[in-house]
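# Structural features, examined
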Amino acid sequence: MTGEPVLLSITVYNASPQDIQAEIINIPEGFKLISAGKEPRWAESSGVFSGNRIPTVYITYEWVPENPGFFTLGPFNITAPAEHVSLPQVSIHVMASPGSTHASLRWKVHDGQPVAGVPVRILLEGLFTGTVTSLICPPPENALLERLQEELPSGEIDEKNGEPWLPLAVFSWTPLVYGKQPLPEAFIEYITADGKKYTLSSIPEEISISAPSAHTAETSIPDSPVLRDAFSSSGDDNRLSGGETSLAEIKMFADMLQETERVPEVLALAEYFRQGLYAEALALLRRAEYTKLFPGKYRNIRTRAEEILGFEKTLSVPNTVLPWCIILVSILTGLTLLIKKRVSGTGVPGLWVYIGICAIICMIGFASVARLHFYHAGVTVGTDVYHIPELNAGIMGSLPAGTPVRIVRTAEKWVYIQTAQNQRGWVPALKVIEYTTGE
């Protein structure tokens, strides 16, 4: 809100205050600086030597915004004696202090109970006095949104103060997953009769989305221009991997799995694909390929599914069972040779050569197992990729659902991932389904 302080802090590890210089490239007009500080602190190391205390520099700035609107703060340059780091800019939405007014923005959902994959008409209404100058409604996560050019209905009278709700726009909203889903977030700017500018955002609200039934499964995700844009591989959507998705091919593929395979895991896959849960399906396939002694069938299904979903290059899945089998066979072979020598009482030609070979095979097997578990791997459920582990950081691009990634390192609720194209960045840990860890 206008008049409320905005506090921004930057922590620099392994540093002292006299060695650190901070510079802010852009400060929005109307941001009044009320305090700034740079002080030494101690923090616990989270690395290999966790538990040790390391020196840090804690830099703080505090502003009070005087005007409402959308502002960009930064980027920020941090300079140390031997290093220079540039942190991305921060986007800040400042809303006008409501004061004595009762301005509000809300959604009205039509067409009854929403179902995943089925478009629903939603109406954006405002309760305010003034003229709208702009309306922004970013595309929501796990849903499609398209503004409809149709006549607006008449507004209802608010029960509390008797003022009319003003219809602003009608959208077609298609939730792609079932369960509790948030309605889109909308923002408007308007000017009152006295020339003052205000900003409103819609009231946060979650509604229940039903799963598609068997009858509606064929059309659970409509083949529309909006959907084709969402899954296209053009440069406009800034996606890091993935290509075009053929819904008809996915349905045929799911039907084929259900008709030809009777394994419970594969039958579950067919239902996942019908419901558009591509990440869950590919994670299940990769988990089976990782843990089964004979993973060929699952590998063939997985590569075909990724081909249909438009993934040209993906990470391979190592098998964790085969190295253990090699180690076990090598140990049993060595023990058999030793027992044979002890029972016969005579030397076995080349016995120690065989035992040495078994030992080498064991070491190779152990090295393979260690390599498999050095990096965890997973599948994304569809997410933006950030420069640093902060939701307000710069976005490098996006990964479509089903993208396989290698987890390089973790930081609390974030993971640093690498794709098959060697692209790296931070994503929220909840957006990755790991398949190389135990259930």
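In the block above lies the structure referred to throughout.
It should be emphasised that the depicted structure is a prediction, and the values quoted were computed from it without experimental measurement.

Note the cis peptide between Gly74 and Pro75, where omega equals 10 degrees. Within the element layout of this structure, Pro75 appears in the loop between β5 (69-73) and β6 (76-80). Phi is positive for Asn14, which is not a glycine, with a value near 55 degrees. Note on placement: Asn14 falls in the loop between β1 (6-13) and β2 (21-24). A residue is classified by how much of its surface remains accessible, and Asn14, at 59% relative accessible area, is exposed.

With that settled, consider the packing of helix α4 (residues 278-291) against helix α5 (residues 296-308). Direction vectors running N to C along α4 and α5 enclose 150 degrees, while the axes themselves pass 9 Å from each other. One finds that α4 runs roughly antiparallel with respect to α5. Relative to α5, α4 is oriented so that their crossing is left-handed. When α4 is examined against α5, the residues Leu282, Leu285, Arg286, Ala288 and Glu289 are found in contact with a partner set consisting of Tyr298, Arg299, Ile301, Arg302, Ala305 and Glu306.

Another aspect to go through is the packing of aromatic side chains. According to the stated counting rule, one finds seven aromatic pairs in the structure shown. Where Phe128 meets Tyr190, the ring centres are 4.6 Å apart and the plane angle is 35 degrees; that geometry is what we call tilted. With Phe128 in the loop between β10 (120-127) and β11 (131-136) and Tyr190 in strand β15 (residues 187-191), the pair connects residues that are 62 residues apart, well separated along the chain. Residue Phe128 is classed as buried on the basis of its relative accessible area, which comes to 12%. Their ring planes at 90 degrees and their centres at 5.5 Å tell us that Tyr386 and Trp414 sit as a pair that is edge-to-face. Here Tyr386, found in strand β19 (residues 383-386), pairs with Trp414, found in strand β22 (residues 414-418); they are 28 residues apart in sequence, far enough to count as distant. Here Tyr386 falls in the buried class, since its relative accessible area comes to 8%. Here Arg106 stacks its cationic end above the ring of Trp165, 4.0 Å away from the centre of that ring. The aromatic ring of Tyr416 is capped on one face by Arg409, whose charged end is 4.3 Å from the ring centroid.

The side-chain alternation of strand β8 (residues 90-94) yields one buried face, formed by Val90, Ile92 and Val94, and one unburied face, formed by Ser91 and His93. In this structure, β5 lies alongside β8, joined through five bridges in antiparallel fashion. Within the sheet, the bridge partner assigned to Gly69 lies in β8 and is Val94.

Under the counting rule described, the total for this entry stands at three salt bridges. In this structure, Glu39 and Arg41 form a salt bridge, with 3.5 Å as the shortest nitrogen-oxygen distance. Using a relative accessible area of 37% as the deciding quantity, one classes Glu39 as partly exposed. Among the residues examined, Arg41 registers a relative accessible area of 38% and is labelled partly exposed.

Attention now goes to the nonpolar core. By size, the foremost hydrophobic cluster in this structure holds 21 residues, and its most contacted members are Trp107, Ile122, Phe171, Trp173 and Ile188. Sorting the residues of this core by element identifies β9 (104-109), β10, β12 (143-148), β13 (166-175), β15 and β17 (206-209) as the ones contributing at least two each. Excluding residues within four positions of it along the chain, Ile122 makes contact with Trp107, Lys108, Val109, Leu145, Ala169, Val170, Phe171, Trp173 and Pro184. One finds Tyr278, Ala279, Tyr290 and Val317 within the second-largest nonpolar core, a separate group that totals 20 residues.

Procedures and definitions
- Residues numbered from 1 in each chain as written.
- Predicted model: local features only at pLDDT ≥ 70, side-chain atom pairs only at ≥ 80, totals over all residues.
- Heavy atoms only, no water.
- Helix = DSSP H or I, 4+ residues; strand = E, 2+ residues; numbered from the N terminus.
- Buried < 20%, exposed > 50% of the residue type's maximum accessible area, 1.4 Å probe, protein only.
- Axes fitted to C-alpha atoms, helices over the stretch in contact; angles between N-to-C directions.
- Parallel < 35°, antiparallel > 145°, perpendicular 65-115°, else oblique.
- Left-handed = near helix turned anticlockwise from the far one by under 90°.
- Contact = heavy atoms within 4.5 Å.
- Phe/Tyr/Trp six-rings, centres within 6.5 Å; stacked < 30°, edge-to-face > 60°.
- Lys NZ or Arg CZ within 6 Å of the ring centre and 35° of its normal.
- Pairing = 2+ DSSP bridges.
- Salt bridge = Lys/Arg side-chain N within 4 Å of Asp/Glu carboxyl O.
- Core = buried A, V, L, I, M, F, W, Y, C linked by side-chain atoms within 4.5 Å.

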